[in-house]
Structure formats: C-alpha cells, structure tokens
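Examination of the molecular architecture
This is what each chain is made of:
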Amino acid sequence: MQALKGESRLKREFEVCGYQIFRGYSEVFLPVRNRLVSLLKMKFRDLPLIEDEAAFGAFMGNVYETDKKSVLDLYSVFDRTPEMMLASFHPRIVVALRELGLKSPIVSSYPTWRLDLYNNPQRRWFPWHQDSYHENFSENSVTVWIPLLNSGPETKGKGLVIKEGSHRIGIAQTGANKFEITDPRINDFKEVEHSLSFGDFVVLNSLVVHRSGVITEKPGMRLTLQFRYDDLEEPNYIAKGWPRNFSIVDAINHNRFGI
Ligand SMILES: O=C(O)CCC(=O)C(=O)O
Ligand SMILES: [Fe+2]
C-alpha cells in the first residue's frame, strides 16, 4: 500500500510541475560513465581522473580547442555502445517511467549524450524550448536528462533550467528557427535549476519549457545523457498510425557540438 501511495505522489507532482526528479541510480549509470572514460582514454592520453572535476574539465576544454574532430567522432561511437543501450532500458528506469504513466516505453530517438564546456560558442546552448520539437508521437512522451557529474547552479558546469508547470500551455509559439520559444506566456512560470548528483536524473514532459544552463567559468564542464521515450500503449500514439516509422528531428541542423 505504501509503495502505491508513493507512486501516485510522484505522478501527481509530475503532472503539476511537468518534471520529476529521481535520485540514487548510480548503479544504472556507472557502466555508462566507465565506458565513456575508457573511450576517452583510448583517444586522449594523460586523461585526468573523472573524479577530479576541475582537472577533467580543463583537459576537455583544451581538447575541444585542439582536437574537435576526435570529440565529434566519439559522439557517434558512444551513442552506440552497449552500456548506453542497456541503461536506456534498465529495469529500474522502466519502473520509473511506468510510475509516471508510460505503460509500454519505447525509445523514440537514439539514446545520446552531451559534453558542454566553458569555451563552447554561444550557439551551443539550447535556448528556451520544448522537446516536442524533436518528436511528439505519444501524448505522454518524455525526455530523461542524466548528469554523469554533479550539476546545478552552484557548480561551474551549471544544470538544466526548467519553467515549472509550463507544459500546461501546450505547444508554445516559436520564432524563425521553430525551436527557440518566443511565446510570452512562458514568462508567467517560475524558473528552477535543481542540483543533481551523479546517480540522479530528471524526467521531463515533452512540453515543459527548459533551456541549457550556460557555462561561463573555466573549467566548467557538464557531461549528460539524454534518453527520449514514447509510450506504445498511449491511445493517441495508436491513433497516429502505430506501428509506423516516424522521423526524428535533431535540434539545430545536426550541429551537435557547435562548430
Ligand atoms: O543539456 C542541455 O544543456 C539541454 C539539453 C536539452 O534540452 C535536450 O537535449 O533536449
Ligand atoms: Fe530539451
């Protein structure tokens, strides 16, 4: 009975705020983080320990300036590792998604990751947007945002900034690039930037408005995963013609590293 009560509280909060935070999942994400470190070590000798966040951030900032191509190569390879795939359907993640109302989760685009650094160009940062831009097949589609290092306003790597409750406005008006929100209604919603440790993650309703926390200070670095899901059993998804292939829109012209 106790568990059922807890589940419905999480779902209620999710419905009100448009997002929910889960904590204590490092066992799920440790294999992914270890794989990333081993790939980085294969590519870049003298890689500092990931636990030494300042040295690691400074090192990756330097790599970004001197060897962007290698970082880009790594982007696609890491996406396709077994650890990424396994984490995206780890039983504990599926349980969390079910608690929020996704009956039969399916990955709606490939699991992927971001490396954000203090010396990235301005256009690298995502402005206020809704993830329904990428896809919106089932009404209850979500994005899971996972920091592989501690993140939040008090860290140099910053975090994810969310307009709490903004999913209730539905699809927001956007500007010329169809991604950046220009809708003045979003001004009515409180801006929150939560502190998340490694092992925590946030599930976002695909309509909740959010943006990148901009990193300004050396050696700030944010290392995150993004998993996106639809629900095969959601009635509107079926009405849209499932099973059928849908195309996924990558934000900002596949220009994932701002070069
Ligand atoms: O991590 C970020 O800076 C923003 C990521 C984001 O909003 C997304 O991938 O949809
Ligand atoms: Fe997003």
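Residues numbered from 1 in each chain as written. Chains lettered and ligands numbered in written order. Predicted model: local features only at pLDDT ≥ 70, side-chain atom pairs only at ≥ 80, totals over all residues.

Observations concerning the pairing of strand β4 (residues 142–147)
Within β4, six of the six residues are buried, leaving the element largely enclosed by the surrounding structure. The alternating pattern of β4 places Val142, Val144 and Ile146 and Thr143, Trp145 and Pro147 on opposite faces, both of which are buried. Here β4 pairs with strand β7 (residues 201–205) via four bridges, running antiparallel. Note on β7: the bridge partner recorded for Trp145 is Val202. As defined by bridge partners, β4 adjoins strand β9 (residues 221–231) across six bridges and the pair is classed as antiparallel. Across the sheet, the residue bridging to Val142 is Tyr229, located in β9. (Buried ≥ 20, exposed ≤ 12 C-beta atoms within 10 Å, placed from the backbone. Helix = DSSP H or I, 4+ residues; strand = E, 2+ residues; numbered from the N terminus. Pairing = 2+ DSSP bridges.)

A short note on the site of ligand 1
Every residue close to ligand 1 is listed here: Arg114, Asp116, Phe126, Asp131, Thr143, Leu160, His210, Ser212, Thr224 and Gln226. For the shell around ligand 1, the class distribution of residues is two nonpolar, five polar and three charged. (Near = placed C-beta within 6 Å. Nonpolar A, V, L, I, M, F, W, Y, C, P; charged D, E, K, R; others polar.)

Describing the confidence of the model for the chain
Taken over all residues, the pLDDT of the chain has a mean of 90, while the share at 70 or more is 91%. Predicted confidence for residues 251–259 stays below pLDDT 50, and this span has 15 contacts to residues more than four positions away or in other chains. (pLDDT = per-residue confidence, 0-100. Contact = placed C-beta atoms within 7 Å.)

Some words on helix α3 (residues 53–66)
In this model, α3 (14 residues) spans 20 Å end to end at C-alpha, consistent with the 20 Å of a helix rising 1.5 Å per residue. For α3, the complete set of buried residues consists of Phe56, Gly57, Met60 and Tyr64. Seen end-on, α3 carries its buried residues on one side only, within an arc spanning 95 degrees. Exposed and facing more than 90 degrees away from the buried side of α3 are Glu65 and Thr66. Structurally, α3 contributes buried residues whose contacts are with α4 (68–79), β3 (112–117) and β9. (Expected span 1.5 Å × (residues − 1). Arc of directions from axis to C-beta.)

As for the packing of helix α2 (residues 26–43) against α4
At a closest axis distance of 11 Å, the pairing of α2 and α4 adopts a crossing angle of 145 degrees. In terms of crossing hand, the pair formed by α2 and α4 is right-handed. Contact residues: α2 offers Leu36, Leu39 and Lys43, while α4 offers Ser70, Leu74, Val77 and Phe78. The residue makeup of the contact of α2 with α4, split by class, is five nonpolar, one polar and one charged. (Axes fitted to C-alpha atoms, helices over the stretch in contact; angles between N-to-C directions. Left-handed = near helix turned anticlockwise from the far one by under 90°.)

Here we look at unusual backbone geometry
Residue Pro219 is reached from Lys218 by a cis peptide bond, and omega for that bond is 0 degrees. Turning to its location among the elements, Pro219 is positioned in the loop between β8 (210–212) and β9. Positive phi outside glycine occurs at Asp46, with the angle close to 65 degrees. Here Asp46 is to be found in the loop between α2 and α3. According to the C-beta neighbour criterion, Asp46 is exposed, with 6 such atoms within 10 Å.

Observations regarding the environment of Glu193
Looking at the secondary structure, you find Glu193 in strand β6 (residues 191–193). When the 17 C-beta atoms within 10 Å are taken as the criterion, Glu193 is described as partly exposed. Each C-alpha atom of the pair Glu193 and Leu160 lies 5.9 Å from the other, and the pair is 33 residues apart in sequence. With residues near it in sequence (within four places) discarded, Glu193 still touches Gly152, Pro153, Gly159, Val161 and Gly213.

Digging into the nonpolar core
Counting residues in hydrophobic clusters, the biggest one holds 45 residues, and the most contacted among them are Val202 and Val203. In this view, Val202 contacts Tyr19, Ile21, Trp145, Leu160 and Leu196; residues no more than four positions away in its chain are not counted. (Core = buried A, V, L, I, M, F, W, Y, C linked by C-beta atoms within 7 Å.)

Digging into the sheet that holds β8
Spatially, three strands are ordered β6-β5-β8 in an open sheet, and the strand pairing comes out antiparallel. Both edges of this open sheet fall to β6 and β8, since each of them pairs with a single strand only. Geometrically, the sheet is characterised by an average inter-axis angle of 25 degrees between neighbouring strands, direction not taken into account. Across three bridges, the pairing between strand β5 (residues 160–163) and β6 is antiparallel. Along β6, the bridge assignment pairs Lys163 with Glu191.

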